[in-house]
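Overview (structure and organization)
The lines below spell out each chain.
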Amino acid sequence: MGLLETTISGRKRRSNHAHVVAELGRGIVSGKIPEGSLLPGDAELSARFGVSRTVLRESMKTLAAKRLVEPKAKVGTRVLDKASWNFFDSDVLGWRFESGLDFEFIEHLAEMRMALEPAAAAAAATRATSDDIVALYAIAAKFDNLSHTPETIAKVDLEFHLAIARMSGNPFMRSASALIEAALAISFQLSSPASSPEMIDEVASNHLRIAHAIASRDPQKAIIAMRHVIEIGKGRIRNSLDVKLPA
């Protein structure tokens, strides 16, 4: 289940492995488990979570893959500095999201979207197939519905932006989709365009402009249209918080 779906539904994963990973990961990312500290030993953690050492070892492997911890022989498992964390990982982003939003995090996320998504739109303008473009127009048409709720419009928004990442033909763009989903989850939580018919119309028009630019095989227009959508979204969040984000 992705970050946006989890944010909308509130459902969490329930396996023992997922529970241990989520509890420790959330503690690390929130700062409750400090950077540079050593995690308790296997026996203590197994008792705390009520899991076998096998489950615990697999959980540590998962956290290590996310670059949150690093096991060292004769030392223990150390929590890595924030600079090492893999923020392209959807779980790490989700835990950062849950630990509380701050302006720096929102701004950094917007900067990454601005770096990646206009480039993806430009690539889609040159590489998308005719079938891709037909599919993109079909998704864009879903915005034009005045009965949208925050949940339904967020799902269409995610579908649209992930489609462009796929259409770019660049696997790195597709792999960065967790960043897009995190940004849309923030938008869903703080400020949804479904709050008024005028905003729904605006969002529908802005996304249709992206589809037109890609269909016309014009990379520069696709870049401009995508940048506009990202700026508008950041502006809505800024207005909802009534505080100007750092430049």
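These lines cover the structure that appears in this document, whether it is placed above or below. Fair warning: this is a prediction, and the values are worked out from it, not measured in the lab. (Residues numbered from 1 in each chain as written. Predicted model: local features only at pLDDT ≥ 70, side-chain atom pairs only at ≥ 80, totals over all residues. Heavy atoms only, no water.)

**Digging into the packing of helix 2 (residues 16-30) against helix 5 (residues 90-98)**
Taken N-terminus to C-terminus, the directions of helix 2 and helix 5 make an angle of 60 degrees; their axes are 9 Å apart at the nearest point. Classified by the angle their axes make, helix 2 and helix 5 are oblique. Crossing of helix 2 against helix 5: the hand is right-handed. Counting all contacts with helix 2, which are made through Val21, Ala22, Gly25, Arg26 and Val29, the residues of helix 5 involved are Val92, Trp95, Arg96 and Glu98. In terms of residue class, the contact of helix 2 with helix 5 is made up of five nonpolar, one polar and three charged. (Axes fitted to C-alpha atoms, helices over the stretch in contact; angles between N-to-C directions. Helix = DSSP H or I, 4+ residues; strand = E, 2+ residues; numbered from the N terminus. Parallel < 35°, antiparallel > 145°, perpendicular 65-115°, else oblique. Left-handed = near helix turned anticlockwise from the far one by under 90°. Contact = heavy atoms within 4.5 Å. Nonpolar A, V, L, I, M, F, W, Y, C, P; charged D, E, K, R; others polar.)

**Description of the nonpolar core**
Counting 30 residues, the largest nonpolar core has Leu136, Phe143, Phe160, Ile164, Ile210 and Ile214 as its most contacted members. Taken together, the elements giving at least two residues each to this core come down to helix 6 (103-127), helix 7 (130-143), helix 8 (150-167), helix 11 (197-215) and helix 12 (219-241). The element that contributes the greatest number of residues to this core is helix 11, accounting for seven residues. Contact partners of Ile214, with chain neighbours within four places excluded, come to Ala121, Ala124, Ala125, Ala128, Ile133, Leu136, Ile164, Met167 and Ala222. The next biggest cluster of nonpolar side chains, apart from the first, holds 21 residues, and it includes Val21, Val51, Met60 and Leu68. (Core = buried A, V, L, I, M, F, W, Y, C linked by side-chain atoms within 4.5 Å. Buried < 20%, exposed > 50% of the residue type's maximum accessible area, 1.4 Å probe, protein only.)

**Quick word on the pattern of salt bridges**
According to the stated counting rule, one finds nine salt bridges in the structure shown. A salt bridge links Arg26 to Glu23; the shortest N-O distance between them is 3.2 Å. Within this pair, Arg26 and its partner Glu23 are both found in helix 2, separated by three residues, close to a single helical turn. On the basis of relative accessibility, which here comes to 35%, the residue Glu23 falls in the partly exposed class. Close ionic contact of Lys66 with Asp91 constitutes a salt bridge, the shortest N to O distance being 2.9 Å. A residue pair is termed long-range when its members are at least 10 positions apart, and Lys66 in the loop between helix 4 (53-65) and strand 1 (69-72) and Asp91 in helix 5 qualify at 25 residues. Considered together, Lys66 and Asp91 belong to a single accessibility category, that of buried residues. Here the salt bridges do not stand alone but share partners, grouping Glu23, Arg26 and Glu98 into one network. (Salt bridge = Lys/Arg side-chain N within 4 Å of Asp/Glu carboxyl O.)

**Some thoughts on the packing of aromatic side chains**
Aromatic ring pairs are reported here in terms of the distance separating the ring centres and the angle at which the planes meet. Per the stated rule, a full pass over the model turns up two aromatic pairs. Where Trp85 meets Phe87, the ring centres are 6.0 Å apart and the plane angle is 50 degrees; that geometry is what we call tilted. Residue Phe87 is classed as partly exposed on the basis of its relative accessible area of 26%. On the numbers, 5.9 Å between centres and 75 degrees between planes, the contact of Phe143 with Phe160 is edge-to-face. Placement of Phe143 in helix 7 and of Phe160 in helix 8 is noted, with a sequence separation of 17 residues between them. Here Phe143 and Phe160 have matching classes, each one buried. Sitting above the plane of the Phe105 ring, Arg96 keeps its charged end 4.4 Å from the centroid. (Phe/Tyr/Trp six-rings, centres within 6.5 Å; stacked < 30°, edge-to-face > 60°. Lys NZ or Arg CZ within 6 Å of the ring centre and 35° of its normal.)

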